[in-house]
Amino acid sequence: MDDYNNIKTDNWSMRDETLKYLENDLLTLLEVLISFSNDIFRMETVNITKSPTISSLAFRILLTNYLNASEIFQIKGPAHDNMRNAYFGGITEAYHRSCEGEGFAYDVNSSHPASMKQPLPVGSPIYSTDPVLDNYFGIAYAEIETPKDENGKHKEEIMYPPLPFRLPDKSIINPIGNWSGMYFSELLKYVRDYWGYTVKVVYGYKFKAEKILDNFIDTYYNIKSGRDTTTNINRLTAKLLLNCVYGRFGLKMDNGITAIVTPEESLKIQNKYHVKDINPISDKLHWISYNNELSPLFIQDQVAESNCPEEEIRLRHNESAYEVEQSLPIAIAITAYSTIRLFEAIRKLKEKNPDLIIYAVDTDSIHTNKQLPDEMVGDELGQWKLEFVIKEGIYALPKVYYARGYKVKDGIISDKITEIRKGKGVKRGSISREEYMKLLSGENIEKREKRFIIDGSRKVVRHDDVSITLSPTLNKRIPLGNYWTMPLLVINGEIVSDYTPYISDKPFIYPKRKK
């Protein structure tokens with residue numbers, strides 16, 4: 001405080017000092033970007049200025065040096081909308097909400113990049129009504145039924161159902177019961193062969209199966225893991241490129257566009273496209289947000305000038321508008337392979353450990369009371385690694401948990417006890433152990449945090465306090481009194497609201513793979 005009071009204020013200007021700070025900040029950022037640009041160009045001969053995001057840069061690198069663009073196929077129109085129903089994110093669940101003994105937290109080494117090395121659906125799809133699942137490699141719409149017992153009831157002993165189901169409100173659950181849905185063919189084969197599901201294909205889209213991404217994945221995983229030290233690319237950059245390229249395959253084709261343009265360019269965009277928002281930055285620049293969708297007035301003008309039907313005008317636009325290369329079937333396959341990897345770990349644990357407890361899963365991580373088999377653990381791509389030895393765990397909600405125990409690095413368990421405190425929608429580490437216990441006992445918790453808030457009406461950004469309520473409600477599973485949760489029951493695609501689980505003494509026997 002004394003140093004602050006001793007600052008000379010004569011001829012001192014807040015405006016000048018702020019501008020000086022901003023200038024130095026931008027110059028520093030410029031140096032970082034130049035260095036990054038040089039590293040990428042030396043490695044891949046790709047200009048980063050053509051790519052506004054890290055994911056678009058990763059995809060440009062992939063297409064330029066590792067992949068023939070003709071190997072991937074952009075699905076458009078109704079087929080794209082239909083297939084997108086098979087595109088599921090990672091599975092996040094809280095199965096058993098309390099760990100009072102020893103537990104183990106595992107993560108996968110680069111789960112999605114490992115999945116990208118599997119056979120992927122490429123080329124132009126062939127629509128088919130073939131009812132035989134084994135004749136498909138691609139996307140299939142099927143009728144699903146989970147295993148039943150001798151009394152015709154759906155077996156609750158599964159406990160950890162692997163197949164997701166999208167409800168009408170777009171939320172996703174992993175239920176037992178029967179329903180219909182669109183899925184990657186290899187995920188359907190997996191749940192049929194290893195979990196005893198009944199799968200009846202109604203129709204689908206068949207693709208060629210090829211491994212097309214091995215070279216890219218191997219190159220950047222070797223850099224990320226430290227095995228390749230001959231390049232200028234650092235390990236963090238390699239990790240970003242590996243993890244970001246996957247999402248580009250699933251990019252929505254109707255994404256909005258945001259740009260800073262001249263007033264003349266702004267006028268052209270307004271005349272041609274559906275504009276969502278526009279703000280003049282200065283006399284020479286406009287900030288504009290719009291959809292790549294032709295405006296009705298523009299279509300009318302084009303019909304009058306060219307004497308072409310309206311549908312032809314739209315068709316010509318659709319053929320040229322989506323220049324970004326993407327492939328939804330590949331994105332669907334990647335996430336499905338990652339789901340298979342997660343539930344294969346659960347299945348193998350369950351086969352060897354009748355008293356297995358899975359506390360929680362989150363896409364590429366698993367918290368359990370048993371150690372994974374040695375053959376599944378290691379440093380290779382797609383293998384599991386032990387991250388944390390748990391002494392106490394509170395799994396209040398999916399993605400909201402507390403764990404106390406010992407970190408593990410390079411296979412060595414630390415002797416220093418530490419805490420992990422995670423909360424979806426709030427700042428990491430802001431929830432106390434007592435608050436996790438409140439959630440577990442059914443109480444709401446209230447948090448206040450500073451957030452940047454965009455005030456669209458006033459065109460300003462405020463930094464204000466906001467109130468956040470965390471509710472203990474579980475929407476994806478049924479909570480029981482002993483901290484266990486059970487999967488929801490779905491019959492003919494609808495959740496059975498008055499369903500009360502019974503707990504059978506018979507362990508679920510995982511079927512052997514069909515020869």
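All figures in this text were calculated on a predicted structure; none of them were measured in a lab. (Residues numbered from 1 in each chain as written. Predicted model: local features only at pLDDT ≥ 70, side-chain atom pairs only at ≥ 80, totals over all residues. Heavy atoms only, no water.)

A. Spotlight on empty space enclosed by the protein. Evaluation of the coordinates by the stated rule reveals 2 cavities of 30 Å³ or more. Size it by volume and the largest cavity reaches roughly 70 Å³. Along its surface, the largest cavity is lined by Glu93, Ala94, Ala360, Val361, Asp362, Ser365, His367, Tyr395, Leu397, Pro398, Lys399 and Tyr401. When residues of the lining of the largest cavity are traced back to their parent elements, those giving at least two are β1 (92-94), β13 (358-362), β14 (365-368) and β15 (384-397). With 3 residues, β13 is the single largest residue contributor to the lining of the largest cavity. Residue composition of the lining of the largest cavity, by class: 7 nonpolar, 2 polar and 3 charged. Every residue along the wall of the second largest cavity is listed here: Ala86, Phe88, Gly89, Pro164, Tyr183, Phe184, Leu187, Ile332, Thr335, Ala336 and Thr339. When residues of the lining of the second largest cavity are traced back to their parent elements, those giving at least two are β8 (176-184) and α12 (328-352). Here the element with the most residues in the lining of the second largest cavity is α12; it accounts for 4 residues. (1 Å grid on protein atoms, 1.4 Å probe; cavity = no way out; pocket = protein on both sides within 12 Å on 5 of 7 lines; lining within 4 Å. Points joined across faces, edges and corners; volume = space filled by probe spheres on them. Helix = DSSP H or I, 4+ residues; strand = E, 2+ residues; numbered from the N terminus. Nonpolar A, V, L, I, M, F, W, Y, C, P; charged D, E, K, R; others polar.)

B. Up close: the pattern of salt bridges. The final tally for this structure, using the stated rule, is 23 salt bridges. Of the charged contacts in the structure, one is a salt bridge between glutamate 145 and lysine 148, with a shortest N-O distance of 3.4 Å. Judged by relative accessible area, glutamate 145 falls into the partly exposed class, the value being 23%. A relative accessible area of 42% means that lysine 148 is categorised as partly exposed. Ionic pairing is found between arginine 421 and glutamate 419, a salt bridge with its closest N-O pair at 3.7 Å. Judged by its relative accessible area of 28%, arginine 421 falls in the partly exposed class. Here the salt bridges do not stand alone but share partners, grouping Asp134, Arg192 and Asp193 into one network. (Salt bridge = Lys/Arg side-chain N within 4 Å of Asp/Glu carboxyl O. Buried < 20%, exposed > 50% of the residue type's maximum accessible area, 1.4 Å probe, protein only.)

C. Quick look at a nonpolar patch on the surface. Taken together, Leu26, Leu29, Val32 and Leu33 make up a surface patch of nonpolar side chains, about 370 Å² in accessible area. Within the fold, leucine 29 resides in helix α2 (residues 14-44). A residue is classified by how much of its surface remains accessible, and leucine 29, at 45% relative accessible area, is partly exposed. (Patch = residues over 30% accessible without salt bridge, like charges linked within 9 Å, V, L, I, M, F, W, Y side chains within 5 Å. Areas by Shrake-Rupley, 256 points an atom, 1.4 Å probe, with all protein chains shown as cover.)

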